[in-house]
Amino acid sequence: MRGLIVAIAAVAAVAISLPTPAGAFLLGEPTDGYKLKLGAESDIKLRVRLQPRLDFGDIRTNRAGTAYSSHDDFYSRRTRFETSGHITEKLKFNVTFAADKWEKKSQDEEIYLYYAYLDYKFSPALSIRFGKHKLPYSRVSRVSSSKQLLVERPASTEKAKKLFGNYHPYNQPALKVEGRAMHGLMGYALAVAEGWEDGETIRSGRSVDDADLLYAGRLELSPPGWVEGKNGKKGKKSDAHLGEGRHLTFGLSLASQDSIEYRENGYEEDRELFGFDVSFHRGPFTLQFEYIRWEEDSDDPAVDEKEPEGWYVQAGYFFERYALEPAVRYEVYDQDTDSSSMEEKTTTVGVNWYAKGHSVKLGMNWVHTSYDRNAGGRLARDDDRDVFQVQGQFYF
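A separate point is the pairing of strand β8 (residues 186–193). The side chains of a regular strand alternate between the sheet's two faces. A one-sided burial pattern is seen for β8, the buried positions being G187, A189, A191 and A193 and the unburied ones M186, Y188, L190 and V192. Sheet topology places strand β7 (residues 171–181) next to β8; 8 bridges connect them, and they run antiparallel. Bridge pairing in β8 places A181 opposite M186. The hairpin formed by β7 and β8 contains 4 residues between the paired strands, and M182 there has a positive phi angle of roughly 55°. In this structure, β8 lies alongside strand β11 (residues 214–221), joined through 8 bridges in antiparallel fashion. Residue A189 lies in a different strand from β11, and its bridge partner there is R218.

Dropping the structure here:
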């Protein structure tokens, strides 16, 4: 493993020492998959994404569980096989399979359906999507992992993705209506999904007997000339724009599922989420802030109510000559605002090297997390931890 670390460091050193021509990457321009034309209005595009990953540092605990212990773990963080395209000019589809965290220690290996949906676009103001896809809340969670600024997303938003179900709850079958208005300055989305399903374990000793539908919505506003994408049309979100264009977007997210009834005793709980975010980039500089809060409100006297919240701010600057982008993020995640001393604070410092844009890149992060005395993650002899993450990406 020491040899692997040395090899990665050598690659990084070479990357820093080799300036690239202005407007170009060392291995050429990014690719966007293989597209096959099937008819006048139909096509299919195939893509493969691989993210090999090395974690080392305080990633495990000692045998007594009282302190963090230094270890390393080399595994495949993400493996994705994507098919997408058009059936007609207005009807498109996506079917994506995932095999994430394979060969990661203490992790089950499975291949599962990540996306499977149809999307019909009536006009820029209205499209309908049905099938398995992301729910419309949290800016950073809606950005593809292929275009993240840092190796991992914030702890608070990752926890919020698990609020409405057990098995990949953020990507679940839903009916979503979305669109853009005011010449693209306003974007909106509203989704209806099942959320918690009958029989799922929602918390220790409590399983779901019945529940209302899950509703999730998002509103985005941008000033004229600052819409993310091209010509006022909806563009794919990104944390790392590689020096191109500009955008400023204010986002508001809401999600709710009520009357989640416990099978064991008939008590029930409601779950609600609120989020606000601001994202900005202009040329090489990018800046993003997000606040998220949710509530788990149960009428069962034996169940503690919880109100977690978190916020982060992250920034990066892209040096075109070297295809390098140093980045930093600071996050505060309060695991329960109804209880005292349950915050975890995380500082992440990293750098990305783009050999072929987002098609071939290498990210290296140092993540330092400190825990309050009552926070999950704090151990009897350790109240902080340091983890180093190195992740490559090959996306064709």
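Picking up where we left off.
In this section: the packing of aromatic side chains. Per the counting criterion, the structure on display carries 15 aromatic pairs. Judged by centre distance (6.3 Å) and plane angle (80°), the ring pair of Y137 and F164 falls under edge-to-face. On the criterion of sequence distance, the pair formed by Y137 in the loop between β6 (126–134) and α2 (139–142) and F164 in the loop between α3 (155–160) and β7 is long-range, its members being 27 residues apart. In terms of burial, Y137 and F164 fall into one category: buried. Here a set of aromatic residues connected by ring pairs shows up, and it is made of Y112, Y114, Y115 and Y117. Over the aromatic face of Y395 sits the side chain of R47, whose NZ or CZ is 3.7 Å from the ring centroid. Over the aromatic face of Y322 sits the side chain of R321, whose NZ or CZ is 6.0 Å from the ring centroid.

This brings us to the pattern of salt bridges. Under the criterion given, the structure shown has 26 salt bridges. With a closest N to O distance of 2.9 Å, R218 and D277 form a salt bridge. A residue pair is termed long-range when its members are at least 10 positions apart, and R218 in strand β11 and D277 in strand β13 (residues 268–282) qualify at 59 residues. Take R218 and D277: they sit in the same class, and that class is buried. The residue D383 makes a salt bridge to R378 at a minimum N-O spacing of 3.7 Å. Relative accessible area serves as the criterion here: at 36%, D383 is assigned to the partly exposed category. Residue R378 is classed as partly exposed on the basis of its relative accessible area, which comes to 34%. A cluster of three or more residues bridged by salt bridges with shared partners is formed by R53, D55, R77 and E152.

What follows is about a negative patch on the surface. Negative charge collects at one region of the surface, where E194, E197, D198, D210 and D212 lie side by side. You can see E197 is positioned in the loop between β8 and β9 (201–203). Relative accessible area serves as the criterion here: at 37%, E197 is assigned to the partly exposed category.

Okay, the pairing of β11 next. Pairing between β11 and strand β12 (residues 246–262): 8 bridges, direction antiparallel. Within β12, the residue paired with L221 across the bridge is F250.

The subject of this paragraph is empty space enclosed by the protein. Tallied over the entire structure, the rule returns 2 cavities of 30 Å³ or more. The volume enclosed by the largest cavity comes to roughly 120 Å³. Looking at the largest cavity, it is lined by 13 residues, and the ones nearest its centre are Q148, V151, N352, K361 and Q391. Counting residues per element, the ones that place at least two in the lining of the largest cavity are β18 (360–371) and β19 (384–395).

Turning our attention to the nonpolar core. Formed by 16 residues in total, the largest nonpolar core has its most connected members in F25, L149, L242, F318, A323, W353 and Y354. Elements with a contribution of two residues or more to this core: β16 (324–334), β17 (343–354) and β18. Listed in part, the 15 residues of the second largest apolar core include L163, Y170, L214 and L273.

The subject of this paragraph is a nonpolar patch on the surface. A contiguous nonpolar surface patch, about 1100 Å² in accessible area, is contributed by Y34, L36, L38, L46, V48, L50, F81, F97, I111, L113, F394 and F396. Mapped by element, the contributors of at least two residues to the nonpolar patch are β1 (34–37) and β2 (43–61). For the nonpolar patch, the element with the highest residue contribution is β2, accounting for 3 residues. Within the secondary structure, I111 is located in the loop between β4 (91–98) and β5 (112–123).

What follows concerns the environment of T201. By the secondary structure assignment, T201 is in strand β9. Given the relative accessible area of 44%, T201 is considered partly exposed. Sequence separation between T201 and Y262 is 61 residues; the distance between their C-alpha atoms is 9.2 Å.

Conventions adopted
Residues numbered from 1 in each chain as written. Predicted model: local features only at pLDDT ≥ 70, side-chain atom pairs only at ≥ 80, totals over all residues. Heavy atoms only, no water. Buried < 20%, exposed > 50% of the residue type's maximum accessible area, 1.4 Å probe, protein only. Helix = DSSP H or I, 4+ residues; strand = E, 2+ residues; numbered from the N terminus. Pairing = 2+ DSSP bridges. Phe/Tyr/Trp six-rings, centres within 6.5 Å; stacked < 30°, edge-to-face > 60°. Lys NZ or Arg CZ within 6 Å of the ring centre and 35° of its normal. Salt bridge = Lys/Arg side-chain N within 4 Å of Asp/Glu carboxyl O. Patch = residues over 30% accessible without salt bridge, like charges linked within 9 Å, V, L, I, M, F, W, Y side chains within 5 Å. Areas by Shrake-Rupley, 256 points an atom, 1.4 Å probe, with all protein chains shown as cover. Lys, Arg positive; Asp, Glu negative; His and termini not counted. Charge placed at Lys NZ, Arg CZ, Asp CG, Glu CD. 1 Å grid on protein atoms, 1.4 Å probe; cavity = no way out; pocket = protein on both sides within 12 Å on 5 of 7 lines; lining within 4 Å. Points joined across faces, edges and corners; volume = space filled by probe spheres on them. Core = buried A, V, L, I, M, F, W, Y, C linked by side-chain atoms within 4.5 Å.

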